[in-house]
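Architecture and fold: a report
Read off the chains here:
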Amino acid sequence: MKKVAVYGQSYSISAEKEIQILLSVLEAHDIVCFIEEKFNNLLIEGKILKKKYPVFSDFKDLDPTFDLMFTLGGDGTILRAVTYIRDLDIPILGINTGRLGFLATINKKAIKESIDLLLRGEYSIQKRTLLSVETSPKNNDFKELNFALNEVTIARKNTTSMIGVRTCLNNEYLTNYWADGLIIATPTGSTGYSLSCNGPVISPDSKNVLITPIAPHNLNARPMVISDETAIQLEVDSREKDFLISLDSRIYTISKNTKVFIKKAPFSVQSIIPNNQSFLNTLRSKLLWGEDTRNETNL
């Protein structure tokens, strides 16, 4: 490991100690560190940096010579980081300075230990599927960033009324979901918005995509797991002239006469898993599976 990128967002500026630990460990191993420009400016303003670092500000500033990207924050920070990496195959390692992290799994107290594991080659690479989106007529708002790591969500706009989402799979009609919206999630996204809408948890290495309705009116509508090779077509019926489509945390307004086409993206994101981490361990920790709380006293 010779060259890395570091990305964070404004709220992670509070993780001063973790940032300094990360940078000092990298420097001790003579690893060149590039910091995202806006984050770098925040660190300078906070007088956290002890030296000047090279910066990057755009996808075009990165290339495959970077060994990996560290993120400081939560899962949302990783979703933002993916917009810089795109199809460059730069692996990501997330240091969790937030609360609930299924993607950013490295505990802020285990930064040095995790980097030591990386340097010894004691880790695995997990490829995570993304979804790509196209519309008819074309929408230039997300021309370059037309992909999502977690989910693509269709949602109502400016109305309390439900919308209808006519859904076809491989050109075959499935159903018309009358609901507040519809989530199309990757296995990675199964622990995100979809999970809060009673969707199932799917292992990250599964070759599947998840369809989860949001507060459906037709009560027999249930989440559905399909092959990630399936081409999905959606059409929205709404009282309003527009609806919302979100790609992870990026939200766009779309005319209701627009057809939305969703399929597996032609590239994947590489997630680094140190040998002291695992998806199942993360599930047990974050969802408190197997925890016995019977003897706990409620305050």
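The model shown is predicted, which means the values in this text are computed figures rather than measured ones.

Details of the overall build of the protein chain
A tally of regular secondary structure across the protein chain gives 6 helices and 18 strands. Whereas a compact globule of 299 residues would reach a radius of gyration of roughly 19 Å, the protein chain reaches 21 Å, a difference of no more than 12%. Dimensions of the protein chain along its principal axes, counting C-alpha atoms only, are 60 × 55 × 35 Å. With 299 residues in all, the protein chain has 52% of them scored as buried.

What to know about the pairing of strand E10 (residues 163-169)
Most of E10 is tucked away: 6 of the 7 residues are buried. Pairing analysis gives 7 bridges linking E10 to strand E11 (residues 172-179), with the strands arranged antiparallel. Looking across to E11, one finds that leucine 169 is bridged to glutamate 172. Taking the residues between adjacent antiparallel strands as the criterion, E10 and E11 are bridged by 2 residues, where asparagine 170 takes a positive phi near 50 degrees. Of the pairings in the sheet, the one linking E10 to strand E15 (residues 232-237) comprises 6 bridges and is antiparallel in character. From the neighbouring strand, arginine 166 faces E15, where its bridge partner is glutamate 235.

What to know about the environment of aspartate 67
Tracing the sequence through the fold places aspartate 67 in the loop between strand E3 (55-56) and strand E4 (68-73). With a relative accessible area of 33%, aspartate 67 lands in the partly exposed category. Distance in space between the C-alpha atoms of aspartate 67 and proline 91 is 7.1 Å, their sequence separation being 24 residues. Those residues in contact with aspartate 67 that sit more than four places away from it in its chain are Met1, Lys2, Lys3 and Pro91. Engagement of the side chain of aspartate 67 in a polar contact is seen with the backbone nitrogen of lysine 2, the distance being 2.7 Å.

Points about the packing of aromatic side chains
Taken as a whole and judged by the stated rule, the model has 5 aromatic pairs. The interplanar angle of 50 degrees and the centroid separation of 5.2 Å between the aromatic rings of tyrosine 7 and tyrosine 84 together place this pair among those described as tilted. Of this pair, tyrosine 7 sits in strand E1 (residues 3-8) while tyrosine 84 sits in helix H3 (residues 75-85), and the two are 77 residues apart along the sequence. No difference in accessibility class separates tyrosine 7 from tyrosine 84, as the two residues are buried. Joined through ring pairs, the aromatic side chains of Tyr7, Phe56 and Tyr84 make up one cluster. The ring of tyrosine 53 is capped by lysine 51, whose NZ or CZ atom sits 5.3 Å from the centre of that ring.

Some points on the pattern of salt bridges
Following the criterion strictly, the structure yields 6 salt bridges and no others. Measuring nitrogen to oxygen at the nearest pair gives 3.1 Å for the salt bridge that ties arginine 156 to aspartate 180. Taken together, the residues span a long stretch of sequence, with arginine 156 in the loop between strand E9 (151-155) and E10 and aspartate 180 in the loop between E11 and strand E12 (181-185) at a distance of 24 residues. A relative accessible area of 22% places aspartate 180 in the partly exposed class. Residue lysine 264 pairs with glutamate 229 through a salt bridge whose shortest N-O separation is 2.7 Å. With lysine 264 in strand E18 (residues 259-274) and glutamate 229 in the loop between strand E14 (224-227) and E15, the pair connects residues that are 35 residues apart, well separated along the chain. On the basis of relative accessible area, lysine 264 is assigned to the partly exposed category, the value being 31%.

Overview of the sheet that holds strand E17 (residues 250-255)
Two pairing modes exist for strands in a sheet, parallel and antiparallel, and in both the strands are linked by backbone hydrogen bonds. Spatially, 6 strands are ordered E14-E13-E12-E9-E16-E17 in an open sheet, and the strand pairing comes out antiparallel. Every other strand in the sheet has two partners, leaving E14 and E17 as the edge strands with one partner each. Neighbour-to-neighbour, the strand axes of the sheet open up by a mean angle of 20 degrees, direction not taken into account. The pairing of strand E16 (residues 242-247) with E17 spans 6 bridges and is classified as antiparallel. Paired with leucine 247 across the bridge in E17 is arginine 250.

Let's talk about unusual backbone geometry
With an omega of 0 degrees, the peptide bond between serine 136 and proline 137 qualifies as cis. Inspection of the secondary structure assignment puts proline 137 in the loop between strand E7 (123-136) and strand E8 (147-148). Despite not being glycine, lysine 47 has its phi angle at roughly 55 degrees, a positive value. As for its placement among the helices and strands, lysine 47 is situated in the loop between helix H2 (37-45) and E3. Residues other than glycine seldom take positive phi values, yet asparagine 158 does so here, at roughly 55 degrees. Looking at where asparagine 158 falls in the secondary structure, it is placed in the loop between E9 and E10. Judged by its relative accessible area of 63%, asparagine 158 falls in the exposed class.

Things to note about the pairing of strand E5 (residues 92-96)
If a strand is regular, its side chains alternate between the two faces of the sheet. Within E5, 5 of the 5 residues are buried, leaving the element largely enclosed by the surrounding structure. Burial of E5 is two-sided: the residues Ile92, Gly94 and Asn96 facing one way and the residues Leu93 and Ile95 facing the other way are all buried. The pairing of E4 with E5 spans 5 bridges and is parallel. Its bridge partner being in E5, methionine 69 is matched across the sheet by isoleucine 92. Assessed by its sense of winding, the connection that carries the chain from E4 through H3 to E5 is right-handed. Bridge analysis of E5 against strand E6 (residues 106-107) gives 2 bridges, and the strand direction is parallel. Bridge pairing links isoleucine 95 to isoleucine 106 in E6.

Calculation rules
- Residues numbered from 1 in each chain as written.
- Predicted model: local features only at pLDDT ≥ 70, side-chain atom pairs only at ≥ 80, totals over all residues.
- Heavy atoms only, no water.
- Helix = DSSP H or I, 4+ residues; strand = E, 2+ residues; numbered from the N terminus.
- Rg over C-alpha atoms; globule rule 2.2 N^0.38 Å.
- Buried < 20%, exposed > 50% of the residue type's maximum accessible area, 1.4 Å probe, protein only.
- Pairing = 2+ DSSP bridges.
- Contact = heavy atoms within 4.5 Å.
- Polar contact = N/O pair within 3.5 Å; in protein donor to acceptor, adjacent residues only side chain to side chain.
- Phe/Tyr/Trp six-rings, centres within 6.5 Å; stacked < 30°, edge-to-face > 60°.
- Lys NZ or Arg CZ within 6 Å of the ring centre and 35° of its normal.
- Salt bridge = Lys/Arg side-chain N within 4 Å of Asp/Glu carboxyl O.
- Axes fitted to C-alpha atoms, helices over the stretch in contact; angles between N-to-C directions.
- Right-handed = clockwise from strand over helix to strand, strands pointing away.

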